[in-house]
Amino acid sequence: MIGLNWYLAASAILYSIGLYCLATKRNLIKMIIGVEILLNAAHLNFIALSTTTAGLDPLARTYVIVSIGVGAGVIALALSLTLLVYRHYRTLDVRKMRRLKW
Amino acid sequence: MMQEILYPLLIPFLGAIAIPLLSIILRKMGIERARDYIAAVIALGNIVSVVNLYQTVSTQGTITFYLFEPPTGACLRVDMLSWFMSLVFSNLGFLVTIYSIAYMEKDTGLDKYYALLLALIGGMNLVVYAGDLFTLFVAWELMSLSSYTLVSFRKETWEPVEAGFKYLIMSAFGSATLLYAISLLYGLTGTLNFEALHQALLSTEANPSLYIIIGMLVIGFGVKASIVPLHTWLPDAHPAAPSSISAMLSGVVIKTGVYGILRILLLAFPVTVLDYGTIIAVFAVLTMTVGNIMALLQEDIKRLLAYSSIVNIGYIFAGLSVGMMNGVGEAAATIGVAGGLLHILNHSIMKGMLFLCAGAFIHELGTRNLDELRGIGRKMPVTAFCFFMGCLAIAGVPGLNGFVSKFMIIWGAVKGKQLVLAALTLINSAFSVAYYLRLIHIIIFAEPRKEMEHIREAPLPILIPLVILTIQILFIGIWWEPAVEIAEKAAEAVLKM
Amino acid sequence: MGLEFVVEVALIVFLIMFALLAVELKKLAYAVASLGLMSTVLSIIFYILYAPYVAVINLLVYAGAVIVLFLAVLSLMKPGEEEGKGKMYDIIAEIPGGVLFIIIAVILVQILTTSYIGIQFAYGKTLNLPSLIPPQMQSMLQNVAESTWRVRVIDVLIQAMALFVAGLGVAVLFRRERREKE
């Protein structure tokens, strides 16, 4: 087994990849991908931090299971909104929309 | 074990589940409209159950409910602050439900609208009743999910859909950041229960990773509360939503973010070690200044009101930041936090009412442009009077409720020797009068245009909430002692955890 | 050290590589596919970290259902529309973002791997993955089931409500407008 450091570093890098995706990508689908990467980073953190010498904490597993379910709901809603936006504009590019610039 | 605290959660949630089913039966019977009134009754039941809780909370201090012994098990925890927030939510939630009866009558999918509205109220109650960070997170997502959909409820036009998507992405980023911060806190302490967290971090030392966690928590909650660098979704999402929902969002949903920051920071991170109040104060001033400047430039009534919400979030944080500073003294901290909390209540009443009035104008005339709304107040005297009172109250005229809380915020800052903060808040508050006067001038005193001949007063279900909110404005403005007393109790509950 | 070390490091490298690919690939179908691969790798990591329940659910939901949803949405769009065009200014525009990403990543990794690990923990836990955790899988599974259905049942109920609300939301967004009866 490798140390906790590796997993913390991995989740930190995943988090920054998600942040980078949200900050620079101008495509609706890419933004949703960014959100999912952010969620995955947090989940990896929970699991890595709950695996200790003292034993395994089942609570963190429960947190991640519940959070996966809720996250899937958010992503489903985001995808249906994407479809509606696409119907109005026929494009997924944020720069061609009126208000979505930020 | 207190079953009472379940009612403010079960009533809206069971209502949300029942209304789509009930509406199928009602449609068969041909009285589909009855569903709207049933939703209003459920929202009223929610208020009654919250008010009912007051006696127990004020005598016992803190009530908890759990199915498995905390700190391991998930638990609900109600203290004075939670009760105060849920009262704010339920009050506006009920009035918005009544308002929707007339305002939304031409829309389709109303069974789902009322279900989502009740789920939103219940979700907000759950956010403030959560006794555990993870429970708070799941409740947070539940509340967010229903607000995303409500923003893009009128999906036929481009604006709500686009604004809804923007809101969803920014808010989901906030939630993910929040979850990341929660995972780091979990790693530090091994628990997420509020009381256990408090105990675990009581004797902590300043550490860079603690500041990272604080920053992430502030970002995560701050997206919902629209602190300035993270506010960009608000001026798009609030105008795009139906006016009833704008009132909900501006009035109460953004306050859940404020609650999150106040509760979690004061609970987990001892002020004496980590002095984060100054940072919050800087962001508060930034928030109100940017909001004020942007609000002056708006030509759209709802966009103007949305920016004014950002300004008021700035005032609220200015008050709360006094309580988070090291060495301001107990009295100043209590006054500052109580002022912030009272401003949450007052702003929910004032801004809720302004959005509902704007909705009434839009309902009758069908435009949001300030130029085209010129003089509409003369055709709708009751709505115009309410709008007038709301503008005066939010501008801080003495005798109305906005003055009381702004005064407390500034007084708290002065008493805590934060004179710069007090001065900047005062200047911003004076500056904001400009656009409220402009609003009053355009809506009420300008000559009506010719197209407005046919405009008549709004229907009764729209007027009832407006009048009730006006009475609340006057009531708190004139007889402010009980409201201030409750806000101070709530502030003490969070400061002396 | 040895084979285990190599496998775990390789998994982490794959995880980050697929995440980067999911962000950077121009063709959305490929990006979504690499998101699915990332979730699969993450599931394997969960399994290695003694979280088989989480691994299975992550595999089913994030590497399965969500990817299917993504692909279904993509299939409803015109093929030409979904692709970004790789022009020069795109690359230049991404330099600030890339620099920001590297700075944030370095700071986060630095702080988390040094000062975060060093904090004295309240409950006396030592936060280091040991080389030998007794993998009492049988009791672990029971523990997770118990902690989900008994200890955290309130959270599960709230999650069920959240999913109900999400379902309502999707129903609202795809509701058919009723024709006006004149």
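This one's a predicted model, so the numbers in the text were calculated from it and none came from an experiment.

The rules behind each value
- Residues numbered from 1 in each chain as written.
- Chains lettered and ligands numbered in written order.
- Predicted model: local features only at pLDDT ≥ 70, side-chain atom pairs only at ≥ 80, totals over all residues.
- Heavy atoms only, no water.
- Contact = heavy atoms within 4.5 Å.
- Buried area = accessible area lost by both parts, 1.4 Å probe.
- Salt bridge = Lys/Arg side-chain N within 4 Å of Asp/Glu carboxyl O.
- Polar contact = N/O pair within 3.5 Å; in protein donor to acceptor, adjacent residues only side chain to side chain.
- Helix = DSSP H or I, 4+ residues; strand = E, 2+ residues; numbered from the N terminus.
- Nonpolar A, V, L, I, M, F, W, Y, C, P; charged D, E, K, R; others polar.
- Axes fitted to C-alpha atoms, helices over the stretch in contact; angles between N-to-C directions.
- Parallel < 35°, antiparallel > 145°, perpendicular 65-115°, else oblique.
- 1 Å grid on protein atoms, 1.4 Å probe; cavity = no way out; pocket = protein on both sides within 12 Å on 5 of 7 lines; lining within 4 Å.
- Points joined across faces, edges and corners; volume = space filled by probe spheres on them.
- Buried < 20%, exposed > 50% of the residue type's maximum accessible area, 1.4 Å probe, protein only.
- Phe/Tyr/Trp six-rings, centres within 6.5 Å; stacked < 30°, edge-to-face > 60°.
- Lys NZ or Arg CZ within 6 Å of the ring centre and 35° of its normal.
- Pairing = 2+ DSSP bridges.

A. Inspection of the interface of chain C and chain A at higher detail. On the side of chain A, 69 residues touch chain C, which itself brings 81 residues to the contact. Here chain C meets chain A over a buried area of about 7100 Å², counting both sides, of which 78% is carbon and sulfur. Our enumeration of links across chain C and chain A arrives at one salt bridge. Where chain C meets chain A, there are nine residue pairs in polar contact (both at pLDDT 80 or more). For the side of chain C that touches chain A, the secondary-structure elements that each account for two or more residues are α1 (3-24), α2 (28-48), α3 (52-75), α4 (88-118), α5 (137-151) and α6 (153-173) of chain C. Among the elements that make up the side of chain C that touches chain A, the one with the highest residue count is α4(C) (14 residues). Its residues assigned to classes, the side of chain C that touches chain A comprises 56 nonpolar, 13 polar and twelve charged.

B. Structural context of the packing of helix α3 (residues 58-89) of chain A against α3(C). Interaxial distance between α3(A) and α3(C) falls to 10 Å at its minimum, and their mutual angle equals 0 degrees. As the angle between them shows, α3(A) and α3(C) are arranged roughly parallel. Contacts between α3(A) and α3(C) involve Arg61(A), Val64(A), Ile65(A), Ser67(A), Ile68(A), Gly71(A), Ala72(A), Ile75(A), Ala76(A), Leu79(A) and Leu83(A) from the first element and Tyr53(C), Val54(C), Ile57(C), Asn58(C), Val61(C), Tyr62(C), Val66(C), Leu69(C), Phe70(C) and Val73(C) from the second. When the residues that make up the contact of α3(A) with α3(C) are grouped by side-chain class, the tally is 17 nonpolar, three polar and one charged.

C. Spotlight on empty space enclosed by the protein. Applying the stated criterion across every chain, the model contains two cavities of 30 Å³ or more. Taken as a whole, the largest cavity holds about 40 Å³ of empty space. Around the largest cavity, the lining residues are Val35(A), Leu39(A), Gly71(A), Val74(A), Glu141(B), Ala172(B), Ser175(B) and Ala176(B). Elements with a minimum of two residues in the lining of the largest cavity: α2 (28-49) and α3 of chain A together with α7 (158-189) of chain B. Examining the composition of the lining of the largest cavity, we find that three residues originate from one element, α7(B), more than from any other. Residue classes in the lining of the largest cavity are distributed as five nonpolar, two polar and one charged. As a volume, the second largest cavity reaches approximately 30 Å³.

D. Region of the structure containing the pattern of salt bridges. Across all of its chains, the model carries 22 salt bridges over all chains by this definition. Put simply, Glu447(B) and Arg378(B) hold a salt bridge, and the shortest N to O gap is 3.3 Å. Here Glu447(B), found in the loop between α17 (419-445) and α18 (460-478), pairs with Arg378(B), found in the loop between α14 (330-365) and α15 (381-395); they are 69 residues apart in sequence, far enough to count as distant. Judged by relative accessible area, Arg378(B) falls into the partly exposed class, the value being 45%. Taking the shortest distance from any N to any O, the salt bridge between Arg152(C) and Asp155(C) comes out at 2.8 Å. Under the relative-accessibility criterion, Asp155(C) is labelled buried at 0%. Each of Arg27(B), Glu32(B), Arg33(B), Arg35(B), Asp36(B) and Glu105(B) takes part in one network of salt bridges that share partners.

E. Representation of the interface of chain A and chain B within the structure. At the junction of the two partners, chain A supplies 41 residues and chain B supplies 38 residues. Across the chain A to chain B interface the summed buried area is about 3600 Å²; carbon plus sulfur atoms make up 76%. Summed over the shared surface of chain A and chain B, the number is six residue pairs in polar contact (both at pLDDT 80 or more). Elements that contribute at least two residues to the side of chain A that touches chain B include exactly α1 (4-24), α2 and α3 of chain A. Per-class residue counts for the side of chain A that touches chain B are 29 nonpolar, eight polar and four charged.

F. A look at the environment of Glu364(B). Residue and element names in this part refer to chain B. Within the secondary structure, Glu364 is located in helix α14. Among the residues examined, Glu364 registers a relative accessible area of 23% and is labelled partly exposed. Separated by 277 residues in sequence, Glu364 and Leu87 place their C-alpha atoms 31 Å apart. The residues touching Glu364, leaving out its near neighbours within four places in the chain, are Met380, Ile455, Arg456, Ala458 and Pro459.

G. The arrangement of the packing of aromatic side chains in detail. For the coordinates displayed, the defined rule picks out 21 aromatic pairs over all chains. One aromatic cluster is present, formed by Phe46(A), Tyr63(A), Phe134(B), Phe137(B) and Tyr186(B) through successive ring pairs. Residue placement shows Lys224(B) over the ring face of Trp140(B); its charged tip is 5.5 Å from the ring centre. Taking the ring centre of Phe153(B) as reference, the NZ or CZ of Arg175(C) above it sits at 4.4 Å.

H. Local environment of the environment of Ser171(B). Residue and element names in this part refer to chain B. Structurally, the position occupied by Ser171 is in helix α7. Given a relative accessible area of 4%, Ser171 falls into the buried group. For the pair Ser171 and Ser226, spaced 55 residues apart in sequence, the C-alpha separation works out to 10.0 Å. With residues near it in sequence (within four places) discarded, Ser171 still touches Ser144, Tyr148, Val223 and Lys224.

I. Geometry of the pairing of strand β2 (residues 75-78) of chain B. Residues and elements named next belong to chain B. The two faces of β2 match: Cys75 and Arg77 on one face and Leu76 and Val78 on the other face are all buried. Relative to β2, strand β1 (residues 63-66) is paired through four bridges, and the arrangement is antiparallel. Bridging from a neighbouring strand, Tyr66 pairs with Cys75 of β2.

J. Spotlight on the side chain of Gln472(B). All names here are of chain B. Position of Gln472 among the secondary structure elements: in helix α18. A distance of 3.1 Å separates a polar atom in the side chain of Gln472 from a polar atom in the side chain of Asn91. Excluding anything up to four places from it in sequence, Gln472 contacts Asn91 and Ile349.

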